[in-house]
Each structure stands twice: as structure tokens, then as C-alpha cells.
Amino acid sequence: MGNLMEWLKNCPPLQWAEDKFEDLMVNIIRCSSVPQHIGFVMDGNRRWARQHRMETAEGHSLGFETLKDLLRVCLRLGVKEVSAFGFSLENFKRSKYEVDMIMEIAKSSLAQICSHGDLVDQYNIRIRVVGDLDRLPDDLHEQFVKIMKRTEKNTGATLNLCFPYTSRYEITQSLQRLVKKAEDGRLTPDEIDEKVFEKCLLITDSHPLDILVRTSGVKRLSDFMLWQCHENTDIQFVRNYWPDFKVWRFLPMILRYQIDQKAKS
Amino acid sequence: MLSKICFRVLLCALHLFVRLFDGTLSWIRWTQSYFLSLLYHHHCSHDLIRRDTESLKKRPKHIAVIVDYSEEGGIEALVDSVCELSAWCLCSGIYELTVYEKNGYLKEHPTALQKAIESHLPYYFGELRINVNVSSPCSPEASAASTTESHSDQTSLNLRLIAREDGRDAIIDLARGLVDLSVKHVITSTQVNMELIDKELSESVIPEPDLLIVFSKKFRLQGFPPWHLRLCEIYYDESLRGVNYLTYFKALIHYSDAEMRLGH
């Protein structure tokens, strides 16, 4: 019975109807202001895979597909920046097998969206891979650096892929950079303020975070963008696992953001 | 163009629909919560609260809360809320409480607050004498509180008051301090690591809380110290705003059921 439902959900007429519905919703929502920067904590791939009796790799792959769909919708709506939590520095504690698998999926996924004619070209996206890149395997590190160089002049939108990242690492890096600048004689204590500090962050030159979505029902920030989301960000804790977080669950959040903005002004 | 006008009209209709839907849902949740709050009222009874929380699988050691200042309630309402929260924490066996009020109104009167709490606790504890240490970052009581922490006995509450300046500004101050030390050649950039920053911020602001309960009208963190939000469970109940026992109890239940995977 479960398989029948899956087959029905994926049948072409329904897919076509879904696409047309998405087109309509995007056109309607674009008539008002949209959030400029949205963050996603992509949690729950493994638990989803276990629930659906699939391999963990399947869960992570489908998780990437979900990210791609949401990214596409965000870009169509006119969102200028999307940040996604792909891998935490704490996740290195997982088994070597799983860590290697996630690295492979990241490699192929990023290659896919950067391929000719895909999302990056379509929407002129600048990709930034944010985090402690030295801890990545060499081939992945090289690929990420190449992609960042290739897309750094793009001005359409920005995708911050946090891989591997923690917010405390980011804040520590920023403080280290400031101290290094002082060691080189380029900075005095009086010159330090919020702007100077933010210039040294990994996610720099960035819009304030408007919405942060965390899936899988966990109500924690888990060391993601703490500096960016602790002021006025609309934090949404969603019960579904990440692969189940489809576009139609996401769009009402944008509508609520628009209603909030109207109420403020 | 005609299609643009159509889309605008449809957008307004969608907004209206979402507002009606949300409004109805929140009314239903409010009614549920209202009845639950009657059922779960604490009745100023130490025993009732202790029984409520005894069966929890795990309890936080340090709770932080975000409260809002309102013009109608004023400082008195804030003080009342903090008195109630202190009593509930003590009854639940939690001896570390941090209260974040972004404007800093509570921080301005720590002794008055301490007196108010000490005169409120007898409603719950009767004759039993309980110590309350009220402090805020960089106050003399704060250093006293941090020394008593190492031998904290079970009949005293450490209450810390923080405000906006203990969030980002504390990190910027730390940056200035570190740069100053580096200019004087006391430290190098390689010595600036996560452990050092954690130690400094835990001592100069607050230690990391296990659970953060947001009692404000809207779910916003309002500048709560970012470094300390790393792993703490965050609880917000949209149906009952303001400080109330049901939200407090639900937050404890949520904490007790939460799975801490720490990366795994």
C-alpha cells in the first residue's frame, strides 16, 4: 500500500500539477516583500531513512534533493541569500563510513548544481562554502575552492553552504583574526566595534537572517549561526524530517513573514 | 497589467486565509491551554510542583528565561514574574536561574528584587529559610556567586540578571580585551581558541544554560547572549504568552524528552 502511494505521488500528471501550482504560488507571493536571507538546518535525514526502511545514504541524497527544491523556490521568489547547515564540526564524531558517504554526496551534489545550465548558471549564484575547510578530504577541499572561485563574481544570489561549520568556530575565528591584525599592528582596541567584528566572520557581507528553519522536531540551534539569529530572526521549529519538508510546507512561512511585515509598517 | 492585479488580489486573499487559519488555531490552542492551566495550577504548593517534576527523566541544572517588559504591568509585573519563577525553580529542584530582560530594568534593582523574592518564597515554603543570590555580570555579587557555585547547597538559588549588553557587546568587549593583551604581548593569536573564549564568557556573562524558555509575546531571541545558545533547548508556547506555570512545566517536559546527540 505504501508503495502504491509513492507511485501515485510521483506520477507525471500530479508532478505537472505540482509544478504549475508552484509557478502560480511564486507569482502570487512575489507581489509583496520576501525575506532576504533564509537559513535551513537540514536535520533528520537518517531518522527519515530509518522510518522508510532505506539506507542512510538514500536519506542524505533525498535530503539534498529537498535542499535543491527549496533553493529553487527561494531563488524564484527573489530571496537574496540562503544558508544551509550541511555538516557540523561535531558530526566528525560519526563513523568514518558515514562521514565519507556524506562527503561523497556533497561532492556530487555541488557538482550537479554547478553543471552547465543548472541552478548556479540559471540564477547567477555565488557559492560560499563556510567552515573549517582544512578538515575536509583534499579532493573535496580542492573542488570547493574551485567552485567558490568560479562563482565569486556572481551577483544574483548567494548560497552559504556550511560544511563543516559551527557558530562557535566562526566566532573564535573572527576573534583570532582580530588579534592577528593587532599583532601585525593594523588594529587597536578602540577601533573594534560590531562592524569590524562582523567583517572577520566567515559569513560576512551578508543580509541579516530573516527566517531560520530547523526540521526534525528538535528545538535547539545546535551551534548554527548563533551570532546571526539571536536578534530578530523568525526561528521555525518544524516537526517533519528534512526530506519531508516540501515546498508547500515552506511557502506558508513566507506568507506569515509578509503578514508580519505588513503589521509592522 | 491585469495578471499583476489578479496576483495581488490573490495574495491578499491568501494572507486573509492564513490569518483566519492561524487565528482559529491559536484560539483552539488557547482554550486547550486555559483548561490545562486550571488542571495544572501550582496553587503555591511546593509539594504539587515537586510531584509534577519528580517523574521527569531528566531535569535541567540551569534554566534561562526571556521576559518582556510591558507598559501596563511595569516593573512590578516583572518582579512578580521573577518571584514566581524563582519559587517554581526551587520547588522543581533547579538552583540556577538566569533572567534576560533586554532593556535591563531588572538589573538596576538587584537588592530590591532579592527582598521581593525572599518575601514571596514563604507562600511556597512556609517557615523554611532559602537563600537567594541575585547577581548580574560584573557585579560584586557575581564573583561571590561563582565562588559559592563550587559548593552550592541545595537550599539556595543563584539568580543571574542579564540584558542586551551581555549579548553581542560582551563578545565585542572580549575582542577589545584580547586585542589589548596582544598589543601588550601578553597573548598571541594562536592562544585565542574556543576553550579560552568559553571560559571568559562563562565567567563574565553566565554559564551555558540547559534550557531557555521564551515567555515573550513573539518568538524572538531579542539579543540573548549568542555564545550561550549553542546546545540549549529552546521552548516557546504561542498559546499562552507571559510567565505562567503551564508553559514552565511543558518546557521541563520537553527538556526531559529531548535526545542529546551532540553530533552523532
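Residues numbered from 1 in each chain as written. Chains lettered and ligands numbered in written order. Predicted model: local features only at pLDDT ≥ 70, side-chain atom pairs only at ≥ 80, totals over all residues. Heavy atoms only, no water.

Regarding chain B, the UniProt comment filed under Pathway (unreviewed entry) reads as follows: "Protein modification; protein glycosylation." For chain B, the Catalytic activity (unreviewed entry) comment in UniProt is given as "n isopentenyl diphosphate + (2E,6E)-farnesyl diphosphate = a di-trans,poly-cis-polyprenyl diphosphate + n diphosphate". (UniProt positions renumbered as here; feature names shortened; annotations may be inferred.)

For chain A, an unreviewed UniProt entry supplies the name Alkyl transferase and the organism Schizosaccharomyces japonicus.

## Considerations on the overall build of chain A
Helix and strand counts for chain A come out as 11 helices and 6 strands. Whereas a compact globule of 265 residues would reach a radius of gyration of roughly 18 Å, chain A reaches 19 Å, a difference of no more than 12%. Along the first, second and third principal axes, the C-alpha atoms of chain A reach 70 × 50 × 40 Å. By the burial criterion, 54% of the 265 residues in chain A qualify as buried. Within chain A, contacts between residues separated by at least 24 positions form 77% of all contacts whose residues are at least 6 apart in sequence. By element, 51% of the accessible surface of chain A is carried by carbon and sulfur atoms, the whole surface being about 12500 Å². The distance from the centre of the 38 positive side-chain charges to the centre of the 38 negative ones in chain A is 3 Å. (Helix = DSSP H or I, 4+ residues; strand = E, 2+ residues; numbered from the N terminus. Rg over C-alpha atoms; globule rule 2.2 N^0.38 Å. Buried < 20%, exposed > 50% of the residue type's maximum accessible area, 1.4 Å probe, protein only. Contact = heavy atoms within 4.5 Å. Areas by Shrake-Rupley, 256 points an atom, 1.4 Å probe, with all protein chains shown as cover. Lys, Arg positive; Asp, Glu negative; His and termini not counted. Charge placed at Lys NZ, Arg CZ, Asp CG, Glu CD.)

## Focus: a positive patch on the surface
Judged by side-chain charge, Arg30(A), Lys80(A), Lys262(A), Lys4(B), Arg8(B) and Arg19(B) come together as a positively charged surface patch. Here the positive patch takes 3 residues from helix H1 (residues 2-39) of chain B, the largest share from any one element. Locating Arg8(B) in the fold gives a position in helix H1. Classification of Arg8(B) as partly exposed rests on a relative accessible area of 47%. (Patch = residues over 30% accessible without salt bridge, like charges linked within 9 Å, V, L, I, M, F, W, Y side chains within 5 Å. Salt bridge = Lys/Arg side-chain N within 4 Å of Asp/Glu carboxyl O.)

## Topic: the sheet that holds strand E1 (residues 37-41) of chain A
All names here are of chain A. The strand order E3-E4-E2-E1-E5-E6 describes an open sheet built from 6 strands, whose pairing is parallel. Both edges of this open sheet fall to strand E3 (125-130) and strand E6 (234-237), since each of them pairs with a single strand only. Between one strand axis and the next, the sheet turns through 15 degrees on average, direction left out of account. In the sheet, E3 pairs with strand E4 (residues 157-162) via 6 bridges, with the strands oriented parallel. Bridged to Arg128 within E4 is Asn160. Relative to E3, helix H5 (residues 96-114) is tilted by about 165 degrees, and along the sheet it contacts E3 and E4. (Pairing = 2+ DSSP bridges. Axes fitted to C-alpha atoms, helices over the stretch in contact; angles between N-to-C directions.)

## Let's talk about the packing of aromatic side chains
If you walk through the whole model with that rule in mind, you get 22 aromatic pairs over all chains. Ring geometry for Phe87(A) versus Phe92(A): centroids 5.0 Å apart, planes at 75 degrees, classification edge-to-face. Here Phe87(A) falls in the buried class, since its relative accessible area comes to 1%. The class of Phe92(A) is partly exposed, set by a relative accessible area of 22%. Of the aromatic side chains, those joined through ring pairs into one cluster are Phe40(A), Trp242(A), Phe245(A) and Phe250(A). The ring centre of Tyr255(B) lies 5.4 Å from the NZ or CZ of Lys58(B), which sits over that ring. (Phe/Tyr/Trp six-rings, centres within 6.5 Å; stacked < 30°, edge-to-face > 60°. Lys NZ or Arg CZ within 6 Å of the ring centre and 35° of its normal.)

## Let's talk about the environment of Lys20(A)
All names here are of chain A. Residue placement: Lys20 occurs in helix H2 (residues 12-29). In this structure Lys20 comes out as partly exposed when scored by relative accessible area, which is 42%. Considered as a pair, Lys20 and Asp118 are 98 residues apart in the sequence and their alpha carbons are 20 Å apart.

## Some words on the sheet that holds strand E5 (residues 211-214) of chain B
Residue and element names in this part refer to chain B. One open sheet holds the 6 strands; their spatial order is E3-E4-E2-E1-E5-E6, and the pairing between them is parallel. On the outer flanks of this sheet lie strand E3 (131-135) and strand E6 (233-236), each paired with one strand and no other. Strand-to-strand twist in this sheet, taken as the mean axis angle between neighbours without regard to direction, amounts to 20 degrees. As paired elements, strand E1 (residues 62-66) and E5 share 4 bridges and run parallel to each other. By the bridge assignment, Ile66 is partnered in E5 with Val214.

## Considering the pattern of salt bridges
Residue and element names in this part refer to chain A. What the rule picks out here adds up to 41 salt bridges over all chains. With its nearest N and O atoms 3.0 Å apart, the salt bridge here joins Arg94 to Glu98. One exposure class covers both Arg94 and Glu98, and it is buried. Here the salt bridges share partners, and the residues they tie into one network are Lys20, Glu22, Asp23, Asp69, Arg72 and Arg76.

## Thoughts on the interface of chain A and chain B
With 57 residues of chain A at the contact, the number on the chain B side is 58 residues. Both sides of the chain A and chain B interface together cover about 5200 Å² of buried area, and 62% of this is carbon and sulfur. The three residues of chain A that bury the most area against chain B are Arg168(A), Arg220(A) and His230(A), which together make up 16% of that side's buried surface. If you look at where chain A meets chain B, you find 11 salt bridges. Two residues, Arg168(B) and Glu198(A), come together in a salt bridge whose shortest N-O distance is 3.2 Å. Elements that contribute at least two residues to the side of chain A that touches chain B include exactly H2, helix H3 (45-51), helix H8 (167-183), helix H9 (194-199), helix H10 (226-229), E6 and helix H11 (247-264) of chain A. When residues of the side of chain A that touches chain B are assigned to their parent elements, the largest contribution, 11 residues, is made by H8(A). Looking at the side of chain A that touches chain B, its residues break down into 24 nonpolar, 12 polar and 21 charged. (Buried area = accessible area lost by both parts, 1.4 Å probe. Nonpolar A, V, L, I, M, F, W, Y, C, P; charged D, E, K, R; others polar.)

## So, the side chain of His254(B)
Within the secondary structure, His254(B) sits in helix H9 (residues 245-257). Once you skip the residues sitting within four places of it in the chain, His254(B) turns out to touch Lys219(A), Glu233(B), Ile234(B) and Tyr235(B).

## Observations concerning unusual backbone geometry
Residues and elements named next belong to chain A. Here the residue pair Phe163 and Pro164 is connected by a cis peptide bond, since its omega of -15 degrees sits within 30 degrees of zero. Within the secondary structure, Pro164 is located in the loop between E4 and H8. Of note, Asp223 is a non-glycine position whose phi angle comes to about 65 degrees, a positive value. Tracing the chain through its elements places Asp223 in the loop between strand E5 (211-214) and H10. Of note, the phi angle at Met225 is positive, near 45 degrees, even though the residue is not glycine. Examined against the element boundaries, Met225 turns out to sit in the loop between E5 and H10. Since its relative accessible area comes to 0%, Met225 is described here as buried.

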